[in-house]
Amino acid sequence: MDDYQKNYTILLVDDEAGIRNVLKITLAHSGFNVLLAPDGDSGLQIFMKEKPQIVITDIKMPGINGIEVLKRIKDLNPETEVIMITGHGDMDLAVQSLQYEAADFITKPIDSDALELSVQKAMDRISINKKIKNYMKDLKDLIAEKDRKIDESKRLVTIGHTIAGMSHVIKNIAGGLKGSSFILEQGIAHENREYLVKGWEMMKGNIDKITNLSLDLLNYAKTSRLNTKDIDPNIPAIEINALLAHRAIENDIDFHVSLTPSDDPISIDKDAINNALFNLVTNAFDSFTTAEPDSVNKKVSLIVKSEKETITYIVQDNGCGMRPSVRQAIFQNFITTKGTNGTGFGLMTTKKIIDEHNGSIGFKTSEDLGSEFIITLPKKT
Ligand SMILES: Nc1ncnc2c1ncn2[C@@H]1O[C@H](COP(=O)(O)OP(=O)(O)OP(=O)(O)O)[C@@H](O)[C@H]1O
Ligand SMILES: [Mg+2]
């Protein structure tokens, strides 16, 4: 007896007792476990109970015919191989059964070589399918593992950039602290009040910077903690105007806020959106410090627009614009062109806030015309 075939169970469904007996002897002799059923109904019962891998069924039977048996078996377990026994003149039925994925046909009177060949082909297909299934599973596991490694290395690269950027900012602040302590020391050594006051002012400025930076970093590192409420989308713009209007006047900037007449509310964390708009508007104000001072009529606009599903906040300036090297990574890296006056953290934080609201942020910029930042937020997050 063949060990390989011993692992296979074949269910034989045929209404003719003679055929059942002959085939059972042939198949059992070849080493298969053989189950017998005299009609479709009992065949299906046995199939559900014993789960044979191969079924051989007569195509024409009283009651449930072979095609119905094939269909139901394929429904129950598509991996089962079903071989149809066809008689002379069953051509139409044979063609129909192809449609339901019959594995093969053997014609009556049954020749034992043809039977063996057909069963052998069914076994080959079962083992190939099993191998393919295993390969697919291995492949899936492999891809999942690779994806995990890629994510991990992306994360490490991001952490690397962040640390590099942060150390640059901290170095700037440390430089400022060193400078101020030098001036203070000079003031103490020479009992010079002017130096003491100047050194102390510088020291305070740097202490503020490091305090703000650590707060920003803490906020940035936190996972989403939005406190969203339905509010009038104009409110953040109104509050930013109240906060920054005087700074605009001091710097001779024509700051204009344009509100939307729509009274659709928006679901946002107001403090977070205020923070984002504050970053964009202060950047717009700063865009005039490097431009030729008095030749331009300095203009900054904050515009609120309501579309069907979204609210848009637009911040425009006619300042210095951004060089290509700056444009590239303003949302990912600590990029600043403001020396010790900037951290390069404003836009990174802004982007994070907008992402947390499932919104988007983009910009257009030109070194001649200025910049425009556009935030789009869904009305309902
Ligand atoms: N409206 C703008 N016009 C010109 N340059 C801009 C504008 N907005 C941003 N930038 C450029 O992008 C850089 C990054 O901006 P970001 O707000 O992230 O940092 P920052 O303003 O330098 O420092 P801070 O952390 O204090 O905000 C700025 O230094 C500036 O070069
Ligand atoms: Mg900024």
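The structure this text deals with has already been given above.
Calculation rules
- Residues numbered from 1 in each chain as written.
- Chains lettered and ligands numbered in written order.
- Predicted model: local features only at pLDDT ≥ 70, side-chain atom pairs only at ≥ 80, totals over all residues.
- Helix = DSSP H or I, 4+ residues; strand = E, 2+ residues; numbered from the N terminus.
- Buried ≥ 20, exposed ≤ 12 C-beta atoms within 10 Å, placed from the backbone.
- Pairing = 2+ DSSP bridges.
- Near = placed C-beta within 6 Å.
- Nonpolar A, V, L, I, M, F, W, Y, C, P; charged D, E, K, R; others polar.
- Axes fitted to C-alpha atoms, helices over the stretch in contact; angles between N-to-C directions.
- Left-handed = near helix turned anticlockwise from the far one by under 90°.
- Contact = placed C-beta atoms within 7 Å.
- Core = buried A, V, L, I, M, F, W, Y, C linked by C-beta atoms within 7 Å.
- Parallel < 35°, antiparallel > 145°, perpendicular 65-115°, else oblique.

1. Comments concerning unusual backbone geometry
- Going from lysine 108 to proline 109, the amide bond is cis rather than trans, its omega being -5°.
- Structurally, proline 109 can be placed in the loop between strand E5 (104-107) and helix H6 (112-189).
- For glutamate 101, which is not glycine, the phi torsion reads 65° and is therefore positive.
- The partly exposed category is assigned to glutamate 101, around which 13 C-beta atoms lie within 10 Å.
- The phi dihedral of glutamate 191 falls on the positive side, at around 45°, and the residue is not glycine.

2. A few points about the pairing of strand E12 (residues 370-378)
- As paired strands, strand E10 (residues 310-317) and E12 are joined by eight bridges and run antiparallel to one another. Within E12, the position partnered with glutamine 316 by the bridge is glutamate 372.
- Where strand E11 (residues 360-366) and E12 come together, seven bridges link them in antiparallel fashion. Counterpart to serine 360 in the pairing with E12 is threonine 376.

3. Description of the environment of valine 69
- Looking at the secondary structure, you find valine 69 in helix H4 (residues 66-76).
- Overall, the presence of 29 C-beta atoms within 10 Å leaves valine 69 in the buried class.
- Residues valine 69 and leucine 44, 25 residues apart in the sequence, show an inter-C-alpha distance of 7.0 Å.

4. Quick word on the site of ligand 1
- Taken together, 22 residues form the shell around ligand 1, and within it Asn283, Thr336, Gly342, Gly346 and Leu347 come nearest.
- Every element with two or more residues in the shell around ligand 1 is listed here: helix H9 (270-286) and helix H11 (346-356).
- Per-element accounting of the shell around ligand 1 gives the leading share, three residues, to H9.
- The residue inventory of the shell around ligand 1, partitioned by class, reads eight nonpolar, 12 polar and two charged.

5. Brief notes about the packing of helix H8 (residues 234-250) against H9
- Two elements in contact, H8 and H9, have axes whose closest approach is 9 Å; the angle formed by their N-to-C orientations is 35°. Classified by chirality, the crossing of H9 by H8 is right-handed. Facing H8, whose interface residues are Ile235, Pro236, Ala237, Glu239, Ile240, Leu244, Arg247 and Ala248, H9 presents Lys270, Ile273, Asn274, Leu277, Phe278, Val281 and Phe285.

6. Some remarks on the sheet that holds strand E1 (residues 9-13)
- Taking strand neighbours across the sheet as the criterion, the five strands line up as E2-E1-E3-E4-E5 in an open arrangement whose pairing is parallel. Single-partner strands in this sheet number two, and they are strand E2 (33-37) and E5. Ignoring strand direction, the axes of neighbouring strands in this sheet form an average angle of 20°.
- Inspection of the sheet shows strand E4 (residues 81-86) paired to E5 by four bridges, in the parallel sense. Residue isoleucine 85 lies in a different strand from E5, and its bridge partner there is isoleucine 106.
- On top of the sheet, helix H2 (residues 17-29) reaches E1 and E2; it is set at about 170° to E2, its chief contact.
- Across the sheet, H6 is in contact with strand E3 (54-58), E4 and E5; its angle to E5 comes to roughly 170°.

7. A closer look at the nonpolar core
- By size, the foremost hydrophobic cluster in this structure holds 28 residues, and its most contacted members are Ile10, Ile54, Val55 and Val82.
- Broken down by secondary-structure element, the contributors of at least two residues to this core are E1, H2, E2, helix H3 (40-50), E3, H4, E4 and H6.
- Ignoring any residue separated from it by four or fewer positions in sequence, one finds isoleucine 10 in contact with Leu27, Phe32, Val34, Pro52, Ile54 and Ile56.
- If you look at the next biggest cluster of nonpolar residues, it comprises 27 residues, including Leu244, Leu277, Ile353 and Ile375.

8. Focus on H11
- Every buried residue of H11 is accounted for by Gly346, Leu347, Met348, Thr350, Ile353 and Ile354.
- Where H11 is buried, its residues meet helix H7 (193-221), H9, E11 and E12.
- Backbone geometry just downstream of H11 places asparagine 358 in the positive-phi region, at approximately 60°.

9. Observations regarding the packing of H7 against H11
- Between H7 and H11, whose axes approach to 10 Å, the crossing angle comes to 30°. By the angle class used here, H7 and H11 are roughly parallel. When the axes of H7 and H11 are compared, the crossing they make is left-handed. Residues Asp216, Asn219 and Tyr220 of H7 touch H11, and the partners they reach there are Met348, Thr349 and Lys352.
- Counted by class, the contact of H7 with H11 contains two nonpolar, two polar and two charged residues.

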